[in-house]
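So the chains spell out like this:
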Amino acid sequence: LSAALRHVDESDPARKNLERAFKARESALADFEAKYQAKWAKVQAAGDADVAWERWGCDLLIVDEFHSFKNDVVMTKMDGVSGLPRGESQRAFDMRVKLHYVTTPELFPGLRDDVEPGDEPRAGKAVALTGTPVTNSLAEVWIMLRHLQPRLLREMGLWHFDAWAGTFTTQVPNPEMNGVGAWQIRTRLQFHNLPELQDALGLVWDRVDPAAIVGKRPSIIGGRMRVVETEGSDALRAYTAQLAERADAVRKREVDPTE
């Protein structure tokens, strides 16, 4: 967030939103640290652990189902762009800290309990395994980069999400049908400079060639996916129209939140 603020002028309306997010983030991290310390004190008092994670001397992390850790925080001054993650999970944040602690020790100067004073901490390695590294948003690509390639992002000047998005994505408005059958113009991110992005990802990302799994999954009729159109019933049309009216009333704030 501090990096984001440095790239936003004082006169930019987005700065106020970032400043509010910065204060909320500071409060959340302070709350997280307090909970961690209380939990660790309780564990020690119960005699369930003698050594903190920081003193394990861990130099290799192997994490399966890595998609479980991609709901990490993304701070941006982009407004009106659909599909950007707005929440965060403590699990994803915790994994990011551990990954960077092991693979990028220079981000933790003077905070390594497993390193003697005066010694340089040794960088470890991480292996992340998942079949779905990206599912809901292009921002998840940057989150994965931040998890696994923090040093590269810093060297390329793309540690802040908006800098990365400005390099590898573009905002494209398109008409989309919402859940009640009405059309709306929505702006979403699309990839830009994809070959260069693939080069960066290829430094650490590897994938299974689809040819290697032929015969291990059911075949598709016709060899590819296809759209099958079916006629909607009168009952379905009437129900969809009712949903549209209800959704419109909610948007106009004509419905009490308790309803």
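Residues numbered from 1 in each chain as written. Predicted model: local features only at pLDDT ≥ 70, side-chain atom pairs only at ≥ 80, totals over all residues. Heavy atoms only, no water.

Draft legend 1. Structural context of the overall build of the protein chain. Check the secondary structure of the protein chain and you find 8 helices and 4 strands. Along the protein chain, helices (α) and strands (β) appear in the sequence α-α-β-α-β-α-α-α-β-β-α-α when read from the amino end. Relative to its 259 residues, the protein chain shows a buried fraction of 27%. Within the protein chain, residue pairs in contact and separated by at least 24 positions form 56% of the contacts whose partners lie at least 6 positions apart. With the model as given, the accessible surface of the protein chain reaches about 18,200 Å², and the carbon-plus-sulfur share is 52%. (Helix = DSSP H or I, 4+ residues; strand = E, 2+ residues; numbered from the N terminus. Buried < 20%, exposed > 50% of the residue type's maximum accessible area, 1.4 Å probe, protein only. Contact = heavy atoms within 4.5 Å. Areas by Shrake-Rupley, 256 points an atom, 1.4 Å probe, with all protein chains shown as cover.)

Draft legend 2. Layout of the pattern of salt bridges. All chains considered together, the criterion is met by 12 salt bridges. One salt bridge in this structure joins Arg-237 and Asp-234, with 3.3 Å as the shortest N-O distance. You can see Arg-237 and its partner Asp-234 sitting in helix α8 (residues 234-251), 3 residues apart, about one turn around the helix. The network of salt bridges with common partners includes Asp-72, Arg-96 and Arg-146. (Salt bridge = Lys/Arg side-chain N within 4 Å of Asp/Glu carboxyl O.)

Draft legend 3. Representation of the confidence of the model for the protein chain within the structure. Taken residue by residue, the protein chain gives an average pLDDT of 83. The fraction at 70 or more is 85%. At the level of individual helices and strands, the protein chain shows its lowest average pLDDT in helix α1 (residues 2-6), which scores 59, and its highest in strand β1 (residues 60-63), which scores 95. (pLDDT = per-residue confidence, 0-100.)

Draft legend 4. Inspection of α8 at higher detail. Helix length check: α8, at 18 residues, gives a terminal C-alpha distance of 26 Å against a target of 26 Å (1.5 Å per residue), a fit within 8%. Phi turns positive, to about 60°, at Arg-253, one or two residues after α8. (Expected span 1.5 Å × (residues − 1).)

Draft legend 5. Here's a closer look at the nonpolar core. Phe-161 and Trp-164 are the most contacted members of the largest nonpolar core, which has 19 residues in total. Taken together, the elements giving at least two residues each to this core come down to α4 (139-148), α6 (161-168) and α7 (194-201). Sequence-distant contacts of Trp-164, that is, excluding residues within four places in its chain, are made with Leu-138, Val-141, Trp-142, Leu-145, Leu-153, Leu-158, Thr-169 and Leu-197. Formed by 11 residues, the second largest nonpolar core is a distinct cluster that contains Leu-61, Phe-66, Phe-69 and Met-95. (Core = buried A, V, L, I, M, F, W, Y, C linked by side-chain atoms within 4.5 Å.)

Draft legend 6. Structural detail: the side chain of Gln-149. For Gln-149, the position within the fold is in the loop between α4 and α5 (150-156). Judged by its relative accessible area of 5%, Gln-149 is buried. Those residues within four positions of Gln-149 in sequence are excluded, and the remaining contacts are Met-144, Ala-200, Leu-201, Leu-203, Val-204 and Trp-205.

Draft legend 7. Fine view of unusual backbone geometry. In the Ramachandran plot, Glu-65 falls in the positive-phi region, its phi being about 50° despite a non-glycine side chain. Mapped onto the fold, Glu-65 is located in the loop between β1 and α3 (90-103). In this structure, Arg-253 takes a positive phi of about 60° despite not being glycine. Within the element layout of this structure, Arg-253 appears in the segment after α8. Look at Arg-253 and you get exposed, because its relative accessible area is 76%.

Draft legend 8. Seen up close, the side chain of His-147. Along the polypeptide, His-147 turns up in helix α4. A distance of 2.7 Å separates the side chain of His-147 from the backbone oxygen of Phe-69, its partner in a polar contact. Each residue touching His-147, except ones within four places of it in the same chain, is listed here: Phe-66, Phe-69, Asp-72, Ala-92, Arg-96, Leu-99 and His-100. (Polar contact = N/O pair within 3.5 Å; in protein donor to acceptor, adjacent residues only side chain to side chain.)

Draft legend 9. Expanded view of the pairing of β1. Only one face of β1 is buried: it carries Leu-61 and Val-63, and the other face, with Leu-60 and Ile-62, is open. Bridge count between β1 and strand β2 (residues 125-128): 4 bridges; the pairing is parallel. The residue bridging Ile-62 from the neighbouring strand is Val-127, located in β2. (Pairing = 2+ DSSP bridges.)

Draft legend 10. The arrangement of the layout of surface pockets in detail. Taken as a whole, the second largest pocket encloses approximately 820 Å³ of empty space. Mapped by element, the contributors of at least two residues to the lining of the second largest pocket are α3, β2, α4 and α7. In the lining of the second largest pocket, the residues fall into 18 nonpolar, 6 polar and 3 charged. (1 Å grid on protein atoms, 1.4 Å probe; cavity = no way out; pocket = protein on both sides within 12 Å on 5 of 7 lines; lining within 4 Å. Points joined across faces, edges and corners; volume = space filled by probe spheres on them. Nonpolar A, V, L, I, M, F, W, Y, C, P; charged D, E, K, R; others polar.)

Draft legend 11. Main features of the environment of Leu-145. Structurally, Leu-145 can be placed in helix α4. Once the C-alpha coordinates of Leu-145 and Val-204 are considered, the two residues, 59 residues apart in sequence, prove to be 9.5 Å apart.

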